[in-house]
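# Summary of the model geometry
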Amino acid sequence: MSVNIHDSWKQPLVKEFEQSYFKELVSFVKTEYNQHRCYPKGKHIFAAFDHSSFEKTKVVIIGQDPYHGPNQANGLCFSVNDGIPHPPSLINIFKEIETDLSIPYPKSGNLERWADQGVLLLNATLTVRAHHAGSHQRKGWESFTDHVIKIISEQKEEVVFLLWGGYAKKKATLIDKNKHHILTSGHPSPLSANRGYWFGNRHFSKTNEILMQNDRSSINW
């Protein structure tokens, strides 16, 4: 695995790439990709950073693990490639947007269109073995992505963090609440959403309100 990451992120993260845990992580990922089918494709592992440069990032959505089914994962949390059926959580995300902003339900589940506007779609773990959910957890990815969140918190201002579900909410401890905006709700998965913890959170209109209050362009969700 070569660390092909957008130039704007190299300076904030260069010291992390030199850490022993990260070198061990790279070795692990290389072995996994050589010996097993893994997702996303190698060139898409750092796709979240390629689409949303450090300077442009103004919203952060935190997921947990890439999709582990064929042709689903594209390096952006909750996103799937064009033409792939929408997973249940993504369906509920689009339903909330439909209600919140009266935006028609989209055909494509590819969220590159969000990422290109400065939404960092960051999974805590950036790789996974096919059909084995969570198989690359606790191998070092979480240390890396926690550092990404800390760097954003330290070096940027007025970023909107969307923390959905218990796992993502724990990341709030990494964020300076005096400089940034944190919106929390239940996870969009059916288990949480059907219990009333997701629908009606209006996170998409609230995010745009915060951005416009800080003289930033809103996101076309």
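These notes cover the structure that comes with them. (Residues numbered from 1 in each chain as written. Predicted model: local features only at pLDDT ≥ 70, side-chain atom pairs only at ≥ 80, totals over all residues. Heavy atoms only, no water.)

### A word on the overall build of the chain
The helix and strand inventory of the chain stands at 9 helices and 6 strands. The C-alpha radius of gyration computed for the chain amounts to 17 Å, which stays within 12% of the reference 17 Å derived for 221 residues, consistent with globular compactness. Overall, the chain is about 45 × 35 × 25 Å in size when its C-alpha atoms are taken along their principal axes. A buried classification covers 54% of the 221 residues belonging to the chain. For the chain, long-range pairs separated by at least 24 residues make up 65% of all intrachain contacts whose partners lie at least 6 apart in sequence. Surface exposure of the chain reaches about 10,400 Å², of which carbon and sulfur atoms provide 47%. Here the chain carries 26 positive and 22 negative side-chain charges, and the mean point of each set is 5 Å from the other. (Helix = DSSP H or I, 4+ residues; strand = E, 2+ residues; numbered from the N terminus. Rg over C-alpha atoms; globule rule 2.2 N^0.38 Å. Buried < 20%, exposed > 50% of the residue type's maximum accessible area, 1.4 Å probe, protein only. Contact = heavy atoms within 4.5 Å. Areas by Shrake-Rupley, 256 points an atom, 1.4 Å probe, with all protein chains shown as cover. Lys, Arg positive; Asp, Glu negative; His and termini not counted. Charge placed at Lys NZ, Arg CZ, Asp CG, Glu CD.)

### Some words on the sheet that holds strand E6 (residues 181–185)
Reading across from one edge, E3-E2-E5-E6 is the order of the 4 strands in this open sheet, with parallel pairing throughout. With one partner strand each, in any of the chains shown, strand E3 (119–123) and E6 form the two edges of the open sheet. Across this sheet, the average inter-strand angle for adjacent strands is 20°, counted without regard to direction. The pairing of strand E5 (residues 160–164) with E6 spans 5 bridges and is classified as parallel. Bridge pairing in E6 links Phe161 to Ile182. (Pairing = 2+ DSSP bridges. Axes fitted to C-alpha atoms, helices over the stretch in contact; angles between N-to-C directions.)

### Thoughts on helix H9 (residues 203–213)
An α-helical turn contains 3.6 residues, so a residue and the one three or four places further along point in the same direction. Turning to H9, its buried residues number three or more, namely His203, Phe204, Ser205, Thr207, Asn208, Ile210 and Leu211. Asp215 occupies a position one or two residues after H9 and carries a positive phi of about 60°.

### As for the packing of aromatic side chains
For the structure on display, the rule yields 20 aromatic pairs. Both rings, one in Phe49 and one in Phe144, keep their centres 6.1 Å apart while their planes meet at 55°; by these two values the pair is tilted. One end of the pair, Phe49, is in helix H3 (residues 47–51); the other, Phe144, is in helix H6 (residues 141–155), and 95 residues separate them in sequence. Judged by its relative accessible area of 0%, Phe144 falls in the buried class. The ring of Phe54 carries the charged tip of Lys156 above its face, separated from the ring centre by 5.3 Å. (Phe/Tyr/Trp six-rings, centres within 6.5 Å; stacked < 30°, edge-to-face > 60°. Lys NZ or Arg CZ within 6 Å of the ring centre and 35° of its normal.)

### Some remarks on the packing of helix H4 (residues 88–101) against H9
Where H4 contacts H9, the two axes come as close as 8 Å, and the packing angle between them is 60°. It follows from the interaxial angle that H4 and H9 lie oblique. Note on element contacts: H9 touches H4 through His203, Phe204 and Ser205, opposite Ile93, Glu96, Ile97, Asp100 and Leu101. When grouped by side-chain class, the residues that make up the contact of H4 with H9 number 4 nonpolar, 2 polar and 2 charged. (Parallel < 35°, antiparallel > 145°, perpendicular 65-115°, else oblique. Nonpolar A, V, L, I, M, F, W, Y, C, P; charged D, E, K, R; others polar.)

### Looking at the pattern of salt bridges
Here the structure, examined in full by the defined rule, presents 4 salt bridges. We note a salt bridge from Arg129 to Glu32, for which the minimum N-O separation is 2.9 Å. Of this pair, Arg129 sits in strand E4 (residues 128–129) while Glu32 sits in helix H2 (residues 20–35); the two residues are 97 residues apart in sequence, bridging distant segments of the chain. The class of Glu32 is buried, set by a relative accessible area of 7%. (Salt bridge = Lys/Arg side-chain N within 4 Å of Asp/Glu carboxyl O.)

### Description of helix H1 (residues 7–17)
All of the buried residues in H1 are Ser8, Trp9, Pro12, Leu13, Glu16 and Phe17. Down the axis of H1, the sector holding all buried residues measures 150°, keeping them to one side. Of the exposed residues in H1, the ones pointing more than 90 degrees away from its buried face are Asp7, Gln11 and Lys15. (Arc of directions from axis to C-beta.)

### A word on unusual backbone geometry
With omega at -10°, the peptide bond leading from Tyr39 into Pro40 counts as cis. Tracing the chain through its elements places Pro40 in the loop between strand E1 (38–39) and H3.

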